[in-house]
Amino acid sequence: MAIQSTAGAAPEASSKAVVEQRTRGYLRVTVALQTAAVFFQAVTAGLLLSTSYGETLHSVGARVMYGAAMLYLLAAVLAWRPGGGSPRPILYASGFLVLASAQVVLGVAHVPSVHVPLGVLIFGLSLAVLARMPAARTDRRTAGPRG
């Protein structure tokens with residue numbers, strides 16, 4: 001009887017570990033997407049000063065960057081609630097969304113004296129969060145057999 005209850009608990013624990021690994025992977029992907037979008041904004045800011053199509057690219061990039069920040073918040077909530085992870089990424093993602101909102105408002109209002117440094121700050125913070133995130137790895141001891 002004790003063997004059956006132990007055998008029944010192992011797949012349940014390993015399935016929880018797989019869900020946690022997946023949600024960490026989703027979080028890492030969304031932060032990487034956000035970081036790439038912010039970097040794209042820096043590149044298009046330079047194009048904004050030197051080409052006729054720079055404004056269009058920067059405008060499109062702003063929408064993508066804002067969407068990436070919202071996607072990061074969604075992934076953080078899903079990693080916390082159904083995934084059983086820490087609620088800390090929700091705080092980070094909410095902060096990024098607030099900063100992205102301020103960035104959009106400052107860009108539309110044409111306040112480059114605050115818009116540009118805030119963009120540098122957002123890129124640095126996003127890169128720092130990405131660097132501190134653990135890589136999504138599957139632990140073969142807890143994941144169980146595939147198939």
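Check the entry above for the structure.
Residue positions are counted from 1 within each chain, in the order its sequence is given. Predicted model: local features are reported for residues with pLDDT of at least 70 only, side-chain atom pairs are reported and counted for 80 or more only, and whole-chain, interface and lining totals are derived from all residues. With hydrogens and water excluded, all non-hydrogen atoms of the structure serve as input to the side-chain values.

Participant: Describe in detail the overall build of the protein, supporting the description with residues and values.
Facilitator: Within the protein, the secondary structure is distributed over five helices and zero strands. Helix and strand assignments follow DSSP, with helices taken as H or I runs no shorter than four residues and strands as E runs no shorter than two, numbered in order from the N terminus. Overall, the protein shows an N-to-C arrangement of helices and strands of α-α-α-α-α. Every residue pair with non-hydrogen atoms within 4.5 Å of one another is taken to be in contact. For the protein, restricting intrachain contacts to residue pairs at least 6 apart in sequence, the fraction spanning at least 24 positions comes to 62%. As displayed, the protein offers around 9,600 Å² of accessible surface, 69% of which is attributable to carbon and sulfur atoms. Accessible surface area values rest on a Shrake-Rupley calculation with a 1.4 Å probe, where residue burial reflects the displayed protein chains alone.

Participant: Describe helix α2 (residues 54–80), listing the residues and the values that go with them.
Facilitator: Taking 1.5 Å of rise per residue, 27 residues should cover 39 Å, and α2 covers 38 Å from first to last C-alpha, within 8% of that figure. Relative accessible area decides the class of each residue, using a 1.4 Å probe on protein chains only: under 20% of the type maximum gives buried, over 50% gives exposed, and in between gives partly exposed. Three or more residues of α2 are buried, namely Gly54, His58, Gly61, Met65, Ala68, Ala69, Tyr72, Ala75, Ala76 and Ala79. Expected helix span is given by 1.5 Å per residue-to-residue step, counting one fewer step than there are residues.

Participant: Got a sec to walk through the packing of aromatic side chains? Specific residues and values, please.
Facilitator: Stacked, edge-to-face and tilted labels apply to pairs of Phe, Tyr and Trp rings (six-membered ring for Trp) whose centres lie within 6.5 Å, assigned for plane angles under 30 degrees, over 60, and everything in between, in that order. One pass over the full model with this rule turns up two aromatic pairs. Here the aromatic rings of Phe39 and Phe123 are separated by 5.9 Å at their centres, their planes lie at 40°, and the arrangement is tilted. Taken together, the residues span a long stretch of sequence, with Phe39 in helix α1 (residues 2–50) and Phe123 in helix α4 (residues 112–132) at a distance of 84 residues. Residue classification places Phe39 among the partly exposed positions, given a relative accessible area of 47%. Both rings, one in Tyr72 and one in Phe96, keep their centres 6.0 Å apart while their planes meet at 55°; by these two values the pair is tilted. Of this pair, Tyr72 sits in helix α2 while Phe96 sits in helix α3 (residues 88–108), and the two are 24 residues apart along the sequence.

Participant: Explain a nonpolar patch on the surface to me, using residue names and the numbers behind them.
Facilitator: A contiguous nonpolar surface patch, about 340 Å² in accessible area, is contributed by Leu33, Leu71, Leu74 and Leu78. At three residues, α2 tops the list of elements feeding residues into the nonpolar patch. Structurally, Leu78 is set in helix α2. Residues enter a patch when their relative accessible area is above 30% and they make no salt bridge; the linking distance is 9 Å between like charges and 5 Å between nonpolar side chains (Val, Leu, Ile, Met, Phe, Trp, Tyr). When a carboxyl oxygen of Asp or Glu is within 4 Å of a side-chain nitrogen of Lys or Arg, the pair counts as a salt bridge.

Function-wise, these values are silent; they only describe arrangement.
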